[in-house]
Amino acid sequence: MQLDNVLVPGLPAIARALVTTVAGGHFLSALGITLLRVALGFTLAFVVSLAVGIGMGRNAVARRFFEPAVLLGLTVPSLIWALLCVIWFGVGLTNPVIAVALSAAPALTLNVYQGVASLSGELAEMVHVYRFPLRRRLRYLWLPAIQPALFSGARIGLSLSWKVIVLVEVFGMSSGVGYELNNAFGAQDVAGVLSWTMLFAVVMAILEYGVLQGLERYLTRWRKASAV
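Residues numbered from 1 in each chain as written. Predicted model: local features only at pLDDT ≥ 70, side-chain atom pairs only at ≥ 80, totals over all residues. Heavy atoms only, no water.

With an unreviewed UniProt entry as reference, the protein is termed Nitrate ABC transporter permease, source organism Mycobacterium talmoniae. Listed in UniProt under the heading Sequence similarities (unreviewed entry), the comment for the protein reads: "Belongs to the binding-protein-dependent transport system permease family." One UniProt comment on the protein, placed under Subcellular location (unreviewed entry), says "Cell membrane". (UniProt positions renumbered as here; feature names shortened; annotations may be inferred.)

This is the structure in structure tokens:
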């Protein structure tokens with residue numbers, strides 16, 4: 001079976017495209033722009049999800065108010081957020097940041113809510129009796145209690161963020177990894193599309209296994225120490 005053709009390039013063609021993409025400096029430049037947009041959008045989603053998730057877990061009125069929006073957000077495809085944000089916000093920085101936040105926030109909020117809901121009632125009553133200030137409650141009660149759920153939600157949220165940022169950059173941006181993918185697609189450069197996809201996948205794997213899991217092990221090391 002012949003694979004080395006226009007539609008299915010061979011390994012040498014893909015290797016040449018990889019070298020060209022990396023050596024030309026286009027990849028690092030586009031990747032930096034894309035990562036900045038994801039970081040800003042995910043930070044916004046994290047702050048909002050933390051506040052809303054804790055509120056839902058501690059207050060029945062807040063739960064009934066926000067729960068429909070969270071469930072609706074979980075069902076909306078990333079493509080819809082990408083298209084709507086391009087229409088609403090144009091080609092500025094607001095577009096990808098809001099799109100990423102809208103994609104990541106529902107899953108993150110749901111995980112925070114579930115983590116808070118599973119918190120021991122005795123601990124919550126203790127901090128109320130001793131009148132702990134809000135900062136100490138967040139630092140010593142809420143954040144340690146919801147860490148597993150928070151990291152689980154972060155993984156889901158980031159996976160959705162990667163998808164929506166590429167779509168936003170394909171449809172409405174003039175820079176970033178998605179924009180470069182769209183250029184390769186427009187030129188019918190299948191090897192180029194595959195090289196950008198492979199490089200982006202490698203970066204996502206490094207962030208997941210090297211950064212996120214390392215951070216999780218560092219922040220949860222006290223659990224292992226207390227179990228000894």
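Asks: Any details on the overall build of the protein? Residues and values, ideally.
Replies: Per the secondary structure count, the protein includes 10 helices and 0 strands. When the helices and strands of the protein are read in sequence order from the N terminus, they spell out α-α-α-α-α-α-α-α-α-α. For the protein, the proportion of its 228 residues judged to be buried stands at 38%. Counting contacts in the protein only where the partners sit at least 6 residues apart, residues at least 24 apart contribute 78% of the total. Carbon and sulfur atoms provide 69% of the accessible area of the protein, an area that totals close to 13000 Å². (Helix = DSSP H or I, 4+ residues; strand = E, 2+ residues; numbered from the N terminus. Buried < 20%, exposed > 50% of the residue type's maximum accessible area, 1.4 Å probe, protein only. Contact = heavy atoms within 4.5 Å. Areas by Shrake-Rupley, 256 points an atom, 1.4 Å probe, with all protein chains shown as cover.)

Asks: An account of a nonpolar patch on the surface is needed here, citing residue identities and associated values.
Replies: On the surface, a nonpolar cluster with roughly 260 Å² of combined accessible area is contributed by Leu36, Leu40 and Leu93. By the secondary structure assignment, Leu36 is in helix α2 (residues 26-58). Given a relative accessible area of 49%, Leu36 falls into the partly exposed group. (Patch = residues over 30% accessible without salt bridge, like charges linked within 9 Å, V, L, I, M, F, W, Y side chains within 5 Å. Salt bridge = Lys/Arg side-chain N within 4 Å of Asp/Glu carboxyl O.)

Asks: Go over the nonpolar core, please, and point to the residues and values.
Replies: Grouped together as the largest cluster of nonpolar side chains are 40 residues, with contacts concentrated most on Val112 and Val164. Going through the elements one at a time, α2, α4 (78-89), α5 (94-117), α7 (134-172), α8 (177-186) and α9 (190-219) are the ones with two or more residues in this core. Per-element tally for this core: the top contributor is α7, with 12 residues. (Core = buried A, V, L, I, M, F, W, Y, C linked by side-chain atoms within 4.5 Å.)

Asks: Describe the UniProt feature "transmembrane region" (unreviewed entry) in the protein, and please don't skip the residues or the numbers.
Replies: When the UniProt feature table is mapped onto this chain, "transmembrane region" (unreviewed entry) is found at residues 35-57, 69-91, 97-119, 140-158 and 193-212. Helix makes up 91% of residues 97-119 and strand 0%, and the two end C-alpha atoms of the span are 32 Å apart. Counted over residues 193-212, helix gives 100% and strand 0%. Its end C-alpha atoms are 27 Å apart.

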